[in-house]
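Structural features, examined
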Amino acid sequence: MRWARYLWASPILLYLLAVNAPFFYDDFHSIAWNPAVKTLEQWWTFFTDPNLFSVMPDKAMYRPLLMLSYALNYQMVGMQAWAFRIPNLALHVATAACVGAMAAQWTRRAYSFAIAAFLFLIHPAFSEPAFYISSRSEVGCVLFGWMCLLAYQRGQAAQAVLWAACSVGFKETGAVVFAMCWCYEILLGRRWKDRKAWLSLLAVTSVCVGYVAWTWHFGTITASVTGPVRSWAAQFYTQLAILPTYCRQLLFPWRWGLELEAVERTAMSVQAVLGLLIVAGAFCWAIRSGRRSVFLLGCVLLTMLPTSIFPLNIIATERRLYWAGGFFIVGVVSMLDRKNVRVAVVLWAAMLAAMLGLRATVWADDLSLWKQSIAEHPNSYRMSINAGAAAINAKDYPLARSMFTRALILSGDDAQKAMVWNNIAGVYFAKGQLDSALAGYLVALQLDSLQADSWANLGCLWGELGKHLEGEAKATHYLGAESYLRHALAIDSTLFQPHRALADVLRILRRPEEAKEEYRLSEYYKREYAQVPIPKEKKR
């Protein structure tokens, strides 16, 4: 039966449980709120302006093909989360097929393709790029990286160069694919007298090194070098200490949140020593097993190298295992000629399938995801803030209050405390408890007087209070609302919500021309590029 050959793709059914999930976390600033992805009129600017990656200037990234894919996505179906998630799933399945192709090529067994592809799809630790839309950068980079490596091994020089360019176009970590090609040539290919192989190797290397140089020119990767978030020694100890956690996730992936639990290390610790022993043991096993095993281990380490060397804000996350996990699966499938290994893999696959089903239910909505993340990271300020925001969206106000109270306890400086109080006041505002909301906003502004959101929310609250008054008191409240909203815009004029609220207030105060201008600015900052000069409206 022909359909039986496609059974390896059956885990797709589990992924569909979360296909209707909303946007999560980074999806908002890079996709949902980003006006750059809503037009293709100047698509070439994705290749020249890294600031188009996000509405937040400090999150600029040079990932042109990723941004182009988002823009094409929007042009076809609009801003629908499920429509953005489907391409991620398709790329994930294609990546599984590449893992299967590598396993079949190495073992020379027909069934290896289906087994490897199935194990990669069913493994929960590799599922985040299918669920999390912003991880399209990861799945696109890894897919084309695999295609480059496969094409290089088969002597397809032009295809290898093209796929290498596509890989780095999705994410900068794709630049390590040239090192994998060198590793393959040194350990396995050994085509030193083949002029075509040399040209292919040099071309792939040129593409990757050229991309790094071009990105360095934009300055999007220099911050990790010139102003790292931790010292290089701390980065070394921290990444060694996280290795046992990564190994556990490969074998028993029971963590389901956005991030893995990790602590910054400034000196050698028990976990770091264990990580060092894992690396040494893996090298000993690979050397004893032969050159192919050394190549697989080398590729695993190369895929982990960029995030291990450069200090990043997030210490550990599962998506860093996505590329390395493919080589891990190839290694597992290559050992299936042993009966005891086959039995263990069958039991392991059953466990992975159950865990993937549970993870799909967690990713089905943002509240479930953040509640699970809080369960895994009870001392995380950022997780608590996001869980509270998700609870407000779900109208679960008691839970939102609880999450923000937790965040207040975990907060550090006054700016974080002000953000928490702003959110607590938002809970009271949503419940109609305006006096408590007013007190919360005032506390937030006492802690941080430059927080534009608190000034804007205070203006909206003052306008809401004015609705219940009459005469001079009503006008006084609306004038106060106008003052607070203008104060917010003086701090950050690019926020479209205060412009909209100010327009409503001015309309009530019977100043239609000013209200019209604020409506125009609101729509501009909501839909157009912030870098483009705002055109003046022509007088009729």
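This text follows the structure it describes.
Residues numbered from 1 in each chain as written. Predicted model: local features only at pLDDT ≥ 70, side-chain atom pairs only at ≥ 80, totals over all residues. Heavy atoms only, no water.

**Quick notes on the overall build of the protein**
- Regarding its fold elements, the protein presents 25 helices and zero strands.
- Within the protein, the proportion of its 540 residues that are buried is 50%.
- For the protein, the exposed surface amounts to about 25,500 Å²; the carbon and sulfur share of it is 63%. (Helix = DSSP H or I, 4+ residues; strand = E, 2+ residues; numbered from the N terminus. Buried < 20%, exposed > 50% of the residue type's maximum accessible area, 1.4 Å probe, protein only. Areas by Shrake-Rupley, 256 points an atom, 1.4 Å probe, with all protein chains shown as cover.)

**Some points on helix α9 (residues 177-189)**
- With 13 residues, α9 should reach 18 Å at 1.5 Å per residue; the first-to-last C-alpha distance of 15 Å falls well below that figure.
- Residues of α9 that are buried: V177, A179, M180, C181, C183, Y184, E185, L187 and G189. (Expected span 1.5 Å × (residues − 1).)

**Section: the nonpolar core**
- Among the nonpolar cores identified, the biggest contains 101 residues, and W146, W323 and I329 are the most heavily contacted of them.
- The biggest single contributor to this core is helix α4 (residues 81-107), with 12 residues.
- Setting aside its immediate chain neighbours within four residues, I329 contacts V99, A116, L119, F120, F126 and W348. (Core = buried A, V, L, I, M, F, W, Y, C linked by side-chain atoms within 4.5 Å. Contact = heavy atoms within 4.5 Å.)

**A look at the packing of aromatic side chains**
- Counting across every chain of the model gives 22 aromatic pairs.
- Ring plane angle 65 degrees and centroid distance 6.3 Å describe the contact between F23 and F28, whose orientation is recorded as edge-to-face.
- For F23, a relative accessible area of 10% translates into the label buried.
- Judged by its relative accessible area of 29%, F28 is partly exposed.
- Grouping aromatic residues by their ring pairs yields a cluster made of Y15, F24, F131, Y132 and W363. (Phe/Tyr/Trp six-rings, centres within 6.5 Å; stacked < 30°, edge-to-face > 60°.)

**Here we look at a nonpolar patch on the surface**
- On the surface, a cluster of nonpolar side chains totalling about 690 Å² of accessible area is made up of L13, L16, L72, M76, V77, W82 and I86.
- Put simply, the parts of the chain that give the nonpolar patch at least two residues each are α3 (64-77) and α4.
- A total of three residues in the nonpolar patch trace back to one element, the largest contributor, which is α3.
- Along the chain, W82 turns up in helix α4. (Patch = residues over 30% accessible without salt bridge, like charges linked within 9 Å, V, L, I, M, F, W, Y side chains within 5 Å. Salt bridge = Lys/Arg side-chain N within 4 Å of Asp/Glu carboxyl O.)

**A closer look at unusual backbone geometry**
- Of note, the phi angle at R108 is positive, near 60 degrees, even though the residue is not glycine.
- Within the chain, R510 stands out as a residue other than glycine whose phi angle is a positive 65 degrees.
- Mapped onto the fold, R510 is located in the loop between α24 (496-508) and α25 (512-527).
- Residue class for R510 comes out exposed when judged on its relative accessible area of 75%.

Function-wise, these values are silent; they only describe arrangement.
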